[in-house]
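Summary of structural features
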Amino acid sequence: MRGVEGLVLVVVAFFGVHAVAQAPVALWGFHGASMLASVILQQLTLALAAAAMLGAFTAARPRVALELGAPEGDWFRRALVAASLLVAFAMLVAVGLKDAGDAPIARAVDAMPTRYVIAFGALCAPLPEELFFRGVLGRMAEARVGAASPLAPVALPALFFTAMHAMQLQGAWLGLLPIAAVGFVNGWLRWRTRSLVVPWAVHTLYNAALALTALA
């Protein structure tokens with residue numbers, strides 16, 4: 001995917017996924033079960049859309065198409081260090097965050113049982129989001145400007161990633177700072193390692209740590 005046409009396809013795919021995910025809430029109302037169904041449906045359709053755009057369904061080696069081959073070296077240690085720094089930054093920002101409780105994502109979390117919040121945040125969301133934002137958008141930026149410089153492959157996915165969460169954090173704008181940090185760090189890690197495994201691990205560790213901290 002290249003140029004304006006590719007960008008339009010990504011935007012349409014994202015908002016299409018978001019629209020489909022509203023079906024459980026529209027049908028059954030706003031409560032724990034419908035919200036859980038909605039977020040699971042959103043991440044499942046996001047993962048399928050990303051896989052399709054990355055060519056995984058027609059590739060001889062889908063794992064390669066999805067950039068899910070583990071990089072060389074002690075990649076888990078790097079992921080753990082990056083996630084720890086991001087969590088520390090998020091907790092620092094949270095000191096000045098007063099208005100996150102009224103955001104849609106906060107109301108959704110409050111509506112779900114505790115164990116499902118942890119399972120969704122830590123396990124369900126990171127892979128689809130990394131495939132879509134760092135995978136699809138990162139590859140699109142590289143197709144446009146080349147892979148020699150990290151600027152576009154890192155910045156474009158990070159900006160889209162932050163914008164998506166801006167819809168969830170209505171009014172809690174300070175909360176976008178750690179989200180943007182995750183976007184830029186994971187974009188750089190994907191560019192540096194040529195793999196989505198490290199960003200996926202960082203994202204999972206980050207979500208799990210914040211979920212456990214919030215529910216402690």
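One structure accompanies this document, and this report is about it. (Residues numbered from 1 in each chain as written. Predicted model: local features only at pLDDT ≥ 70, side-chain atom pairs only at ≥ 80, totals over all residues. Heavy atoms only, no water.)

Moving on to the side chain of Q43. By the element assignment, Q43 lies in helix α3 (residues 32-53). Look past the residues within four positions of Q43 in its chain and what remains in contact with it is F120, C124, A125, P128 and E129. (Helix = DSSP H or I, 4+ residues; strand = E, 2+ residues; numbered from the N terminus. Contact = heavy atoms within 4.5 Å.)

All right, on to the nonpolar core then. Counting residues in hydrophobic clusters, the biggest one holds 39 residues, and the most contacted among them are V10, M53, L66, F132, F133 and V202. In contact with F132, other than residues within four places in its own chain, are V10, A13, F14, L46, A50, M53 and L137. (Core = buried A, V, L, I, M, F, W, Y, C linked by side-chain atoms within 4.5 Å. Buried < 20%, exposed > 50% of the residue type's maximum accessible area, 1.4 Å probe, protein only.)

In this fold, V202 is placed in helix α11 (residues 197-215). If we skip the residues at most four places from it in the chain, V202 touches A79, A82, A83, L86, N186 and L189.

Scanning the model with the defined rule gives six salt bridges in all. A salt bridge links R134 to E130; its shortest N-O distance comes to 2.7 Å. You can see R134 and its partner E130 sitting in helix α8 (residues 126-145), four residues apart, about one turn around the helix. Since its relative accessible area comes to 0%, E130 is described here as buried. E142 is the salt-bridge partner of R194, the closest N and O atoms lying 2.8 Å from each other. Of this pair, R194 sits in the loop between α10 (176-193) and α11 while E142 sits in helix α8; the two residues are 52 residues apart in sequence, bridging distant segments of the chain. Residue R194 is classed as partly exposed on the basis of its relative accessible area of 41%. Judged by relative accessible area, E142 falls into the buried class, the value being 12%. It is possible to trace a salt-bridge network through shared partners that takes in E67, R139, E142, R190 and R194. (Salt bridge = Lys/Arg side-chain N within 4 Å of Asp/Glu carboxyl O.)

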